[in-house]
Amino acid sequence: MNLLDDRRPGRREAALGLLATLERAAAAQTNAGAARIGITGAPGAGKSTLLDALVRRLRARGQTVGIVAVDPSSRVSGGALLGDRARVRSGARDRGVFFRSMAARERLGGLADATWPSMAVLSAVFDVVFVETVGVGQSEAEVTELVDTLLFVAQPGAGDVLQFMKAGILEHPDVFAVNKADVGAAAERTAGELAAGLSLGAQADADWRPPVLLVSARDGRGIDELADALAAHRAHLVASGELAERRRRARTAYVSDTLERRYGSFGVERIGGREALRARADAGHGAGFETALAIGREIEAALGKPA
Ligand SMILES: Nc1nc2c(ncn2[C@@H]2O[C@H](COP(=O)(O)OP(=O)(O)OP(=O)(O)O)[C@@H](O)[C@H]2O)c(=O)[nH]1
Ligand SMILES: [Mg+2]
């Protein structure tokens, strides 16, 4: 993880080398590898508290967990605090939990460029990998490109169906959790509104109906059911073949993001522009990091720089 952050010349290539090795090892695995789960939702919905409760439940079930939290830059300290809290609650000596906080301002490119390498490393070590991001409309679309399963955390009174639909949050999540169920009727109303909204819209995956669960990170209600729903979605992805499709999509997002950040639109134009880049990234047969290296060298050659 430290190597991924190292900006010194030479270390970057070493990091990509490590990632390519992990990628080859993952491709040789016969099982589906770590479950990659995104958590999104409005600020203050209770994502971190819920994740904390979920992690303890998964640990009790014998699963190990890696977490990447992407914080808006103004609240990095909050993220660090959460990290301490998560470590304290799950036991400081618990080697089965690892937490990494990442400032959003480090995101020069897209979300993929910053988080996918971290997820790849954590996936090599832990059974379940979570990425927490704050939902602001666009981030649902961004994070859904990187994970196998997207969990949306809503809070009571978050709005009516129309608002959810306008914000575009109904189409991406695979599982919805209305948190703070301990407040009572307002939570049930919000869950009802979400379910009604979902019945109107067309889901991206026609064979999966996203469940809407009432949970409380505070009193523990629904946490077991939430863990079950996440596991059920993963089983569905494996059985339907959709998992491979989502992993391919994540790889394409990563390769495009990282090259666009590194070489800018000028560099990307040299190999035919954005669409051409995405098509090339898509054709990279499971080897995202190696593909990124190869296309990068090509752009550098086209720019007249030494590779
Ligand atoms: N009543 C009640 N309050 C909760 C519950 N879960 C979280 N909260 C409270 O909601 C507030 C926000 O919780 P966080 O977990 O920090 O929310 P978050 O979505 O991670 O917030 P950001 O990371 O800032 O976007 C805190 O004051 C929590 O104590 C719950 O189940 N019930
Ligand atoms: Mg949080």
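Residues numbered from 1 in each chain as written. Chains lettered and ligands numbered in written order. Predicted model: local features only at pLDDT ≥ 70, side-chain atom pairs only at ≥ 80, totals over all residues. Heavy atoms only, no water.

**Student:** In this structure, what is going on with the confidence of the model for the protein chain? I would like to understand it.
**Tutor:** In low-pLDDT segments, the atomic positions of the prediction should not be examined closely. Confidence in the prediction for the protein chain averages 83 pLDDT; 85% of positions are at 70 or higher. When pLDDT is averaged over each element of the protein chain, strand β7 (residues 212-214) comes out on top at 97 and helix α4 (residues 76-90) at the bottom at 48. pLDDT under 50 marks residues 74-81. Its contacts with residues more than four places away, or in other chains, come to eight contacts. (pLDDT = per-residue confidence, 0-100. Helix = DSSP H or I, 4+ residues; strand = E, 2+ residues; numbered from the N terminus. Contact = heavy atoms within 4.5 Å.)

**Student:** In this structure, what is going on with the packing of aromatic side chains? I would like to understand it.
**Tutor:** Any aromatic ring pair is given by two values, namely how distant the centres are and how the planes are angled relative to each other. Across all of its chains, the model carries three aromatic pairs by this definition. Measuring from centroid to centroid gives 5.2 Å for tryptophan 116 and tyrosine 254, while their planes differ by 35°, and the two rings are tilted. With a gap of 138 residues between them, tryptophan 116 in helix α5 (residues 111-123) and tyrosine 254 in helix α10 (residues 242-269) connect regions that are remote in the sequence. Since its relative accessible area comes to 3%, tyrosine 254 is described here as buried. Here arginine 270 stacks its cationic end above the ring of phenylalanine 266, 4.3 Å away from the centre of that ring. (Phe/Tyr/Trp six-rings, centres within 6.5 Å; stacked < 30°, edge-to-face > 60°. Buried < 20%, exposed > 50% of the residue type's maximum accessible area, 1.4 Å probe, protein only. Lys NZ or Arg CZ within 6 Å of the ring centre and 35° of its normal.)

**Student:** How do you make sense of the coordination of the magnesium ion (ligand 2) when you look at a structure like this?
**Tutor:** Tetrahedral coordination by four donors places them ideally at 109.5 degrees to one another around the metal; octahedral coordination by six donors ideally gives 90 or 180 degrees. Those donors, Ser48 (OG) and Glu132 (OE), are the protein atoms that reach the magnesium ion (ligand 2), and they lie 2.0 to 2.4 Å from it. Taken together, the residues serine 48 in helix α3 (residues 47-60) and glutamate 132 in strand β4 (residues 128-132) connect sequence positions 84 residues apart. (Donors = N, O, S within 2.8 Å, 3.2 Å for Na, K, Ca; no water.)

**Student:** Looking at this structure, I do not really get the nonpolar core. What am I missing?
**Tutor:** Side chains of nonpolar character tend, in soluble globular proteins, to be buried together. Counting 39 residues, the largest nonpolar core has Tyr254 and Phe289 as the members making the most contacts within it. Going through the elements one at a time, α2 (11-28), β2 (65-71), α5, β4, α10, α11 (274-282) and α12 (288-302) are the ones with two or more residues in this core. Summarising the domain contributions, this core has at least three residues from each of domain 1 (30-240) and domain 2 (246-302). In contact with tyrosine 254, other than residues within four places in its own chain, are Leu16, Ala112, Asp113, Trp116, Pro117, Gly288, Phe289 and Ala292. The next biggest cluster of nonpolar side chains, apart from the first, holds 30 residues, and it includes Ala35, Leu51, Val97 and Leu213. (Core = buried A, V, L, I, M, F, W, Y, C linked by side-chain atoms within 4.5 Å. Domains from an automatic or database assignment.)

**Student:** What is the right way to read the pairing of strand β6 (residues 175-178) from this model?
**Tutor:** In the case of a regular strand, side chains alternate between the two sheet surfaces. Burial along β6 is two-sided: Val175 and Ala177 and Phe176 and Val178, pointing in opposite directions, are all buried. With three bridges connecting them, β6 and β7 associate as parallel partners. Bridged to valine 178 within β7 is leucine 214. (Pairing = 2+ DSSP bridges.)

**Student:** Is there a simple way to think about the side chain of serine 123 in this case?
**Tutor:** Mapping serine 123 onto the fold places it in helix α5. Overall, serine 123 belongs to the buried group, its relative accessible area being 15%. Here the side chain of serine 123 touches arginine 36 through a polar contact of 3.1 Å, side chain to side chain. Setting aside its immediate chain neighbours within four residues, serine 123 contacts Ala34, Arg36 and Val129. (Polar contact = N/O pair within 3.5 Å; in protein donor to acceptor, adjacent residues only side chain to side chain.)

**Student:** Would you take a moment to explain α12 for this structure?
**Tutor:** In an α-helix, one turn spans 3.6 residues; hence positions three or four apart end up facing the same way. With 15 residues, α12 should reach 21 Å at 1.5 Å per residue; the first-to-last C-alpha distance of 21 Å fits that figure. Residues of α12 that are buried: Gly288, Phe289, Thr291, Ala292, Leu293, Ile295, Gly296, Ile299 and Glu300. Buried-residue contacts for α12 involve α2, α5, α10 and α11. Two residues or fewer past α12, glycine 304 is found with a positive phi of approximately 80°. (Expected span 1.5 Å × (residues − 1).)

**Student:** What is the right way to look at the pairing of strand β5 (residues 149-154) in this model?
**Tutor:** The buried fraction of β5 amounts to six of the six residues, a majority that puts the element mostly inside the structure. Here β5 shows no split at all, with Thr149, Leu151 and Val153 on one side and Leu150, Phe152 and Ala154 on the other all buried. The pairing of strand β1 (residues 35-40) with β5 spans four bridges and is classified as parallel. Along β5, the bridge assignment pairs isoleucine 37 with threonine 149.

**Student:** Just checking my understanding: could you explain empty space enclosed by the protein for this structure?
**Tutor:** The gaps left among the atoms become clear once a water-sized probe is rolled over them. Overall, the coordinates contain two cavities of 30 Å³ or more when judged by the stated rule. Taken as a whole, the second largest cavity holds about 60 Å³ of empty space. Forming the boundary of the second largest cavity are Arg12, Leu16, Tyr254, Thr258, Leu259, Arg262, Ala292 and Leu293. When contributions to the lining of the second largest cavity are tallied by element, the ones reaching two or more residues are α2, α10 and α12. Ranked by the residues each element gives to the lining of the second largest cavity, the list is headed by α10, at four residues. Partitioned by chemical class, the residues of the lining of the second largest cavity number five nonpolar, one polar and two charged. (1 Å grid on protein atoms, 1.4 Å probe; cavity = no way out; pocket = protein on both sides within 12 Å on 5 of 7 lines; lining within 4 Å. Points joined across faces, edges and corners; volume = space filled by probe spheres on them. Nonpolar A, V, L, I, M, F, W, Y, C, P; charged D, E, K, R; others polar.)

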